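Residue-level structural notes
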Amino acid sequence: MGDYYSLQSKSNQSYEADTVILATGVNFGRPYEGEEKFLGRGVSYCATCDAPLYKNKKVAIIGSSPKEEAEAEFMSEVASEVYYIPAYKEQISLNDKIKVVNDTPVAIEGKIKAQKLVMKNGELDVDGIFILRESVAPSQLVPGLVTENNHVAVNRRMETSLKGCFACGDITGTPYQYIKSAGEGNVAALSAVSYIDEKRRANKQQNK
Ligand SMILES: Cc1cc2nc3c(=O)[nH]c(=O)nc-3n(C[C@H](O)[C@H](O)[C@H](O)COP(=O)(O)OP(=O)(O)OC[C@H]3O[C@@H](n4cnc5c(N)ncnc54)[C@H](O)[C@@H]3O)c2cc1C
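First things first, this report covers the structure right here in the doc. (Residues numbered from 1 in each chain as written. Predicted model: local features only at pLDDT ≥ 70, side-chain atom pairs only at ≥ 80, totals over all residues.)

1. Focus: helix H3 (residues 69-76)
Along H3, the positions that sit buried rather than exposed are Glu-69, Glu-71, Ala-72, Met-75 and Ser-76. Taken down its axis, H3 places every buried residue within 155° of arc, on the same side. Where the residues of H3 are buried, they touch helix H2 (47-50), strand E5 (58-63), strand E6 (81-86), strand E7 (98-100) and strand E11 (128-132). (Buried ≥ 20, exposed ≤ 12 C-beta atoms within 10 Å, placed from the backbone. Helix = DSSP H or I, 4+ residues; strand = E, 2+ residues; numbered from the N terminus. Arc of directions from axis to C-beta. Contact = placed C-beta atoms within 7 Å.)

What follows is the structure, encoded as structure tokens:
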């Protein structure tokens, strides 16, 4: 709205703010049956973060785009068996240790932990299931926001392409981890405070 932001809430209330910090995490899309039930118990969204938990174990990775292949390669250095289920049509380029399964995931089953990936034409008995999806474009949240690989593009001050709009945490990209999110949140808050301070001083100068 020019030099301030207007935010619309679900209850149709609107708020005005000099600065906005986007910290909405990532949107993991429509879940598979059993995905939410086993999240953190054999189901994960970040192969590079959780790979050590699957040393010498069997893992299935559902990749939404070719860029997820790097995570599968990383996992193959740790796990005993890696099944890769591509949810895209592009050519696949993976090392020989990874078994590519061309099928459609339907559900995740297990008792206390996830134990099985059920697909349209078969099943995989595994110790872990990684679901690597593209996040929903954050540009839908704030029109005109520059994004990179479906994440908000930021500089080291957590400034986005829009003046007064900052972003931090998972929404700015991987690794999806607490410590990165908290650190970026700290930087974003300090940057937002500086921005308000500079804006107030500029307004004072103008009014003199
Ligand atoms: C099962 C699981 C286990 C994990 N384990 C670890 C771990 O062991 N170590 C580690 O470092 N990391 C772990 N992570 C990752 C860690 O949780 C995230 O990196 C971190 O929480 C990201 O923080 P964030 O503030 O960016 O986003 P989130 O914590 O995702 O918070 C975003 C918030 O914004 C809200 N929101 C979204 N859209 C809107 C909107 N339009 N308006 C208002 N609110 C909105 C969401 O509801 C949510 O409450 C784990 C994640 C999961 C799912």
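Alright, that's what it looks like, and here's the rest.
2. Notes on the nonpolar core
One finds Val-59, Ala-60, Ile-61, Met-75, Val-82, Ile-129 and Phe-130 to be the most contacted residues of the largest nonpolar core, which totals 26 residues. At the level of elements, E5, H3, E6, strand E9 (114-119) and E11 are the ones that each hand at least two residues to this core. (Core = buried A, V, L, I, M, F, W, Y, C linked by C-beta atoms within 7 Å.)

3. With respect to the pairing of strand E8 (residues 105-110)
Where E8 lies against E9, five bridges are found, and the strand directions are antiparallel. Opposite Glu-109, over in E9, you have Lys-116 as the bridge partner. Linkage of E8 to E9, two consecutive antiparallel strands, is achieved through a turn of three residues. (Pairing = 2+ DSSP bridges.)

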